[in-house]
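# Structural description and commentary
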Amino acid sequence: MAQDPKQLSPESAGGAARTQKTHWSKLEEVEKEGRPAFVLTKTELKLLGIAGVGFFLDAYDLFIINPVATMLQYRLYNGGALPDGLQGFMKAGANIGSVIGQFAFGYAADAFGRKAVYGKELMLIIFATIMSITTPTGSLSPEGSIIYLAIFRIVLGIGVGGDYPMSATVTSDRANLRKRGTMLAYIFSNQGWGSFFGSLATLIVLACYKHVMDAGKTSKVDGIWRIVIGLSLIPAFGTLYQRLTLPESTRYENAQRQQLNPEAGDEVAELKRQQELAEGATSSDSHSGSLSKEEEKSSSTPEDTTEAPEEIVKKKAHFKEFASYFSEWRHLKLLFGTSICWFLLDIAFYGINLNQNVVLEQIGFDGKEGTPWEKLFRISTGNIIITALGFVPGYYVSVLTIEKLGRKWIQIQGFLLTSLFLGILAGRFHSLSSAAFIVNFALLQFFFNFGANTTTYCYPAEVFPTRYRAFAHGISAASGKAGAIISALAFNTLSTKIGTPAVLWIFVGCNIVGAFATLLLPEVRGRDPDVILAQEIEEARKQRLAQSSK
């Protein structure tokens, strides 16, 4: 097993003593600033804006389908329920597309570079959103309209799914090691704001249409859901240019130049030299508040301009190299751990959040009484209560504590506590008062987000080396979406057959298994996987040289 990079001595680095000392002295300068990890520089705030909007749109587009589905009941079925199969397909559409996007964009980001790919996923989101709001409900049958919308939600999901590995790797590549987890948690916390503003936008647009719907024109609900979905285009267009013009990160370029030739020099020393240059660029960039490549390059030392030897020129990652790396159990174990944890989490998380009508019914916000407008407004009010109480606070407690408590601790306690509150819901589903149900559900959402929902996103972006990070993150995220698809398609059917409490007990089991699966993963706080990979390559080189000399 590779030695922890923190424990590397100058001697073990094989002549890299001076480089290592310089590298850590630059980190010490950052530490001396005395600012907590959650206090961001101008550069980090800009990166947060560029990458975070993807997760804002992720939650906005994924969870807005709940009120949209209710509105379509009035437009297409005169207030009657949507067919179970079509409703499940429409709700699962974005998650089906996400699996495709996570695999495709994850691989492409490693193979062709972040710069070549970043922004294309946002273009897909914009295209699919525009096509979704053009659903011809007036000319297609009710079933045809739902299928049309579901198809373009699959396209939307490809873009949303692609944003997972893209934004995670773009952020991890640029983040200071001390603040890497905090930056990733900040990016992911935009999912909470996306859900919150989706509910808020629905309330505001509904309020604007109150007089029309009260006059008996329930068909006007067709305009409400189109406006609500279309509003997501504003942040999407506002961020597109910045994504398309974001330069390649220094860390990615250095990772592509890593020496894989067993006859080459000390790999650890070489990577330390490269990381010194990258750290210097990042430090200078943090003060300038810019993400321009020109400034990043100008902040490097003269060494950075030296022409790379032929054997370490940029080498694109490919599937064969990826498969070779993960053919070793010590690496495959990590990929299995991140994937299975995300899969188990999303079965419960999306099972709950894509079917909030069940929860709203229990707390009295199901919209069963009153005029159509009052029903819709009550459902939207229930959604925003749930989001405000649990979603947003949980994310920000993770942001504030992730560098202190560590990812592993947060993930395990999150799995266990969500199991507890799911168990309470399952055991007392029909006997809890509305107030008790709201409190319990808010705590459930809180520990989803101050727990595995945040850390399953952070882990793949921190535990894998830069060369394989995006594809490994895509595989892990796709595993999660597979769990979400299972929940979206099976929840209603299972609830009808065995009852909602029994389904919640299944979710309890998934969370408990997730807590044990987390034991497969190391704590990644302060862990640099690129240094570990370099050491592994160096050890393999020395072994080959020793064998050849015999």
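Residues numbered from 1 in each chain as written. Predicted model: local features only at pLDDT ≥ 70, side-chain atom pairs only at ≥ 80, totals over all residues. Heavy atoms only, no water.

- If you check an unreviewed UniProt entry, the protein chain appears there as Major facilitator superfamily (MFS) profile domain-containing protein from Leucocoprinus leucothites.
- UniProt, in its Subcellular location (unreviewed entry) section for the protein chain, records the words "Membrane". (UniProt positions renumbered as here; feature names shortened; annotations may be inferred.)

## Some remarks on the packing of aromatic side chains
- Within the structure shown, the criterion is met by 32 aromatic pairs.
- Judged by centre distance (6.0 Å) and plane angle (50°), the rings of Tyr164 and Trp342 are tilted. Taken together, the residues Tyr164 in helix α7 (residues 142-174) and Trp342 in helix α16 (residues 329-353) connect sequence positions 178 residues apart. Of the two residues, Tyr164 and Trp342, both sit in the buried class.
- With 6.3 Å between their ring centres and 65° between their planes, Trp193 and Tyr396 make a pair best called edge-to-face. On the criterion of sequence distance, the pair formed by Trp193 in helix α8 (residues 180-208) and Tyr396 in helix α18 (residues 372-405) is long-range, its members being 203 residues apart.
- Each residue in the set Phe56, Tyr60, Tyr186, Trp193, Phe196, Phe197 and Tyr396 is aromatic and connected to the rest through ring pairs, giving one cluster. (Phe/Tyr/Trp six-rings, centres within 6.5 Å; stacked < 30°, edge-to-face > 60°. Helix = DSSP H or I, 4+ residues; strand = E, 2+ residues; numbered from the N terminus. Buried < 20%, exposed > 50% of the residue type's maximum accessible area, 1.4 Å probe, protein only.)

## Regarding the pattern of salt bridges
- Applying the stated criterion across every chain yields a total of 18 salt bridges.
- For Arg114, the salt bridge goes to Asp173, with nearest N and O atoms at 2.8 Å. Of this pair, Arg114 sits in helix α5 (residues 114-117) while Asp173 sits in helix α7, and the two are 59 residues apart along the sequence. Neither Arg114 nor Asp173 differs from the other in exposure class; each is buried.
- Glu462 is paired through a salt bridge with Arg407; the nearest N and O atoms lie 2.7 Å apart. Taken together, the positions of Glu462 in helix α21 (residues 452-463) and Arg407 in helix α19 (residues 407-427) put the pair 55 residues apart, joining distant regions of the chain. (Salt bridge = Lys/Arg side-chain N within 4 Å of Asp/Glu carboxyl O.)

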